[in-house]
Amino acid sequence: MRTEQASDGGRVERPEPKVVVGAAIIQNGRVLACARSAPPEVAGRWEFPGGKVEPGESETAALLRECAEELAVRVEIGERVGRSVRMAHGRSVLKVYLARLLPGDQPQALEHSALRWLSAAELDSVTWLPADAPIVAALRPLLATG
């Protein structure tokens, strides 16, 4: 909990934002982008795979679980990429990590309507969700060298 000063001088307890993790899975100089299938207001927009960190779960454990659930893959988690991005009117924060597929694994669109591997030059060919856009910018130089 964060404690903030209320306008009347009292203290107000604010819950810490929920953490949402994403995986920037890179293979052969391309990053995996996933098209949302739901809810309707974001269907067809693109994101990095991932989801909410459950109570008592580490960020990396959540990412391993989410990649298995959404894509049926095992990944090795690397460093954070980009900054933390506030979402849902400050109630959540997105943290994206670099990741690579373990040998023999190929992603399947279990919860997404489509998957695409994008090079640095192709990053702007899809419409990213607003929270993912700052991460896309941070990824560009990694793909260009990668």
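Because the structure is a prediction, the values reported are computed rather than measured.

Caption draft 1: Region of interest: helix α1 (residues 59-71). In a regular helix each residue adds 1.5 Å, so 13 residues correspond to 18 Å; α1 covers 18 Å between its end C-alpha atoms and thus fits that length. A62, L63, E66, C67, E70 and L71 are the residues of α1 that are buried. Seen end-on, α1 carries its buried residues on one side only, within an arc spanning 130°. At its buried positions, α1 is contacted by β3 (18-27), β4 (30-36), β6 (50-52), β7 (75-87), β8 (92-101) and β9 (112-118). Two residues or fewer after α1 comes A72, characterised by a positive phi angle close to 60°.

Caption draft 2: Quick look at unusual backbone geometry. Cis rather than trans, the peptide bond between A38 and P39 has omega equal to -10°. With respect to the secondary-structure elements, P39 resides in the loop between β4 and β5 (46-47). The phi dihedral of N28 is positive, around 55°, even though this residue is not glycine. When you line up the elements, N28 lands in the loop between β3 and β4. Given the relative accessible area of 72%, N28 is considered exposed. Phi at A72 takes a positive value of approximately 60°, unusual for a residue other than glycine. You can see A72 is positioned in the loop between α1 and β7. Take A72: its relative accessible area is 35%, and that puts it in the partly exposed class.

Caption draft 3: Local environment of the confidence of the model for the protein. Per-chain confidence: the protein averages 90 in pLDDT, with 88% of residues scoring 70 or above. Scored below 50 in pLDDT, residues 1-6 makes 21 contacts in the model with residues more than four places away or belonging to other chains.

Caption draft 4: Layout of the state of the cysteines. Tallying each qualifying case throughout the model produces zero disulfides. Left without a disulfide partner, C34 is nearest to the cysteine sulfur of C67, which lies 8.5 Å away. Classification of C34 by relative accessible area gives buried; the value is 0%.

Caption draft 5: Focus on the nonpolar core. By size, the foremost hydrophobic cluster in this structure holds 21 residues, and its most contacted members are A24, V31, F48, V96, L118, L123 and W128. Mapped by element, the contributors of at least two residues to this core are β3, β4, β7, β8 and α2 (133-145). Residues in contact with A24, not counting those within four places in the same chain, are V31, F48, V81, V96, Y97, L98, A99 and L139. Within the second largest apolar cluster, 16 residues are counted, among which are A23, L32, C34 and Y97.

Caption draft 6: Structural view of the side chain of E47. As for its placement among the helices and strands, E47 is situated in strand β5. Judged by its relative accessible area of 11%, E47 falls in the buried class. Polar contacts involving the side chain of E47 include one to the side chain of R36, which spans 3.4 Å. Not counting chain neighbours up to four residues away, the residues in contact with E47 comprise A33, C34, R36, H112, W128, L129 and D132.

Caption draft 7: Local environment of the pattern of salt bridges. Evaluated as defined, the whole model comprises nine salt bridges. A salt bridge links R65 to E66; its shortest N-O distance comes to 3.1 Å. Here E66 falls in the buried class, since its relative accessible area comes to 8%. Several salt bridges converge on common partners, so that one network encompasses E57, R65, E66 and E69.

Thresholds, definitions, all that
Residues numbered from 1 in each chain as written. Predicted model: local features only at pLDDT ≥ 70, side-chain atom pairs only at ≥ 80, totals over all residues. Heavy atoms only, no water. Helix = DSSP H or I, 4+ residues; strand = E, 2+ residues; numbered from the N terminus. Expected span 1.5 Å × (residues − 1). Buried < 20%, exposed > 50% of the residue type's maximum accessible area, 1.4 Å probe, protein only. Arc of directions from axis to C-beta. Contact = heavy atoms within 4.5 Å. pLDDT = per-residue confidence, 0-100. Disulfide = S-S within 2.5 Å. Core = buried A, V, L, I, M, F, W, Y, C linked by side-chain atoms within 4.5 Å. Polar contact = N/O pair within 3.5 Å; in protein donor to acceptor, adjacent residues only side chain to side chain. Salt bridge = Lys/Arg side-chain N within 4 Å of Asp/Glu carboxyl O.

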